[in-house]
Amino acid sequence: SFQLMSKTVHVTTPGTLSTLLTADEKILLADLTLTGTIDARDFKFMRDLMEKLANLDMANVTIAEYIGTEGTFTGSKTYPANEIPEYAFHFILTSKGKATLKSVILPNNGTKIGNYAFFLVDLSSIIIPEGYLAVGSGAFKSCSNMTSVTLANSITNIQSTAFYRCYGLTNITLPKNLTQIGSSAFYQCINLAAISIPNSVTSIGDWAFQECGWLTTVSIGKGVVNMGTEAFANCLSITKVSVNQKSPF
């Protein structure tokens, strides 16, 4: 039996992580701490070629912009700086998440989690640090075992299907600067017990909380001016709804 490995790697030149590991390390590294600067090519390498990667610490990493065909998506694309690339740990062709990955510490200086970055990845929790502004579409879609999500107050936009079918979530505190909740953002978060929409929120998308079956208490802040179609459809356990006076609902 092979011994799984752990290592801290400093990446000076973005796109070169693969050259800094031995053949054995590529196969056997389970715990990886990164420092320095990486880009979408390094995420692709971690996703596709690090067979045992389970715990990834990127707290002290900077993500550089990358433009090209060797990133996590298909075809040529621009991957913005300071953004977890879209499909970072999701295999587009097979529609599966990276099965081995269990925990991620996000870069402290990031600004966005890209679309479908952790779609179908078996994370148990995530902490999004202060400074992040957006959670992309499908970013944590179907992370069904994730029980804890800590959202930075700097986040203004939770995009469509961001936490879709996160069955394990029992509670979540929405950021005080949040303005937009996208369509189906919390669709079928069946164990969510209560939700409080901050006064900063102006728009709640279609089906945003549809089929949150154990949701009992809903508080809607005074800023909401757009409430989407069936935003709370089939939330059959709701017993208490409070709506701020200034809201048009």
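Given the structure is predicted, the values throughout are model-derived calculations rather than measurements.

1. Side note on the overall build of the protein chain
Phase 1: Counting its secondary structure elements, the protein chain contains 2 helices and 20 strands.
Phase 2: Here the protein chain has a C-alpha radius of gyration of 19 Å; the compact-globule value for 249 residues is 18 Å, and the two agree.
Phase 3: Projected onto its principal axes, the C-alpha positions of the protein chain cover 60 × 35 × 30 Å.
Phase 4: In the protein chain, the share of contacts with a sequence separation of at least 24, taken over all contacts with a separation of at least 6, comes to 40%.

2. Notes on the nonpolar core
Phase 1: In this structure, Leu-34, Met-46, Phe-118, Phe-140, Phe-163 and Ile-181 are the most contacted members of the largest nonpolar core, which totals 67 residues.
Phase 2: Mapped by element, the contributors of at least two residues to this core are strand 1 (5–11), strand 2 (29–38), helix 2 (40–49), strand 3 (55–63), strand 16 (194–197) and strand 18 (217–220).
Phase 3: Ignoring sequence-local partners within four residues, the contact set of Ile-181 consists of Ile-158, Leu-174, Phe-186, Ile-197, Val-201, Ser-203, Ile-204, Gly-205, Ala-208 and Phe-209.

3. Considering the sheet that holds strand 3
Across a sheet, strands are paired by hydrogen bonds formed along the backbone, either parallel or antiparallel in direction.
Phase 1: The 4 strands lie next to each other as 1-2-3-9, forming an open sheet whose pairing is parallel. In this open sheet, the two edge strands, each paired with only one partner strand, are strand 1 and strand 9 (103–105). Averaged over all pairs of adjacent strands, the angle between strand axes in this sheet comes to 10°, irrespective of strand direction.
Phase 2: Judged from the 7 bridges that link them, strand 1 and strand 2 form a sheet pairing that is parallel. Looking at the pairing, Thr-8 lines up with Thr-33 of strand 2.
Phase 3: The sheet contacts of helix 2 involve strand 2 and strand 3, and relative to strand 2 the element is tilted by about 175°.

4. What about the sheet that holds strand 12 (residues 134–135)?
Phase 1: Across the sheet, 7 strands lie side by side as 6-10-12-14-15-17-19; this open sheet has parallel pairing. Strand pairing shows two members of the sheet lacking a second neighbour, strand 6 (83–84) and strand 19 (226–227), which therefore form its edges.
Phase 2: Relative to strand 15 (residues 180–181), strand 14 (residues 157–158) is paired through 2 bridges, and the arrangement is parallel. The residue of strand 15 that forms the bridge with Asn-157 is Gln-180.

5. Some thoughts on the pattern of salt bridges
Phase 1: Inspection of the entire model under this criterion finds 6 salt bridges.
Phase 2: Across the salt bridge formed by Asp-48 and Arg-47, the nearest N and O atoms sit 2.6 Å from each other.
Phase 3: The exposure class of Asp-48 is partly exposed, given its relative accessible area of 31%.
Phase 4: In this structure Arg-47 comes out as buried when scored by relative accessible area, which is 6%.
Phase 5: Lys-77 is the partner of Glu-86 in a salt bridge, and the nearest nitrogen-oxygen pair spans 3.1 Å.
Phase 6: Where salt bridges share partners, they join Lys-44, Arg-47 and Asp-48 into one cluster.

6. Some thoughts on the side chain of Glu-86
Phase 1: Along the chain, Glu-86 turns up in the loop between strand 6 and strand 7 (90–91).
Phase 2: Classification of Glu-86 as buried rests on a relative accessible area of 16%.
Phase 3: Excluding its chain neighbours within four sequence positions, the residues that come into contact with Glu-86 are Thr-72, Phe-73, Lys-77, Gly-114 and Asn-115.

7. Looking at the environment of Val-11
Phase 1: The residue Val-11 is located in strand 1 in this model.
Phase 2: Judged by relative accessible area, which is 1%, Val-11 ranks as buried.
Phase 3: Separated by 51 residues in sequence, Val-11 and Thr-62 have C-alpha atoms that sit 9.8 Å apart.
Phase 4: With near-sequence residues (within four places) excluded, Val-11 lies in contact with Thr-16, Leu-17, Leu-20, Leu-34, Thr-35, Gly-36, Thr-37 and Ile-38.

8. Notes on the pairing of strand 3
Phase 1: One ladder, built from 7 bridges, connects strand 2 with strand 3; its direction is parallel. Within strand 3, the position partnered with Ile-38 by the bridge is Ile-63.
Phase 2: Of the pairings in the sheet, the one linking strand 3 to strand 9 comprises 3 bridges and is parallel in character. Opposite Leu-56, over in strand 9, you have Val-104 as the bridge partner.

The rules behind each value
- Residues numbered from 1 in each chain as written.
- Predicted model: local features only at pLDDT ≥ 70, side-chain atom pairs only at ≥ 80, totals over all residues.
- Heavy atoms only, no water.
- Helix = DSSP H or I, 4+ residues; strand = E, 2+ residues; numbered from the N terminus.
- Rg over C-alpha atoms; globule rule 2.2 N^0.38 Å.
- Contact = heavy atoms within 4.5 Å.
- Core = buried A, V, L, I, M, F, W, Y, C linked by side-chain atoms within 4.5 Å.
- Buried < 20%, exposed > 50% of the residue type's maximum accessible area, 1.4 Å probe, protein only.
- Pairing = 2+ DSSP bridges.
- Axes fitted to C-alpha atoms, helices over the stretch in contact; angles between N-to-C directions.
- Salt bridge = Lys/Arg side-chain N within 4 Å of Asp/Glu carboxyl O.

Such coordinate-based values are descriptive only and should not be taken to indicate function.
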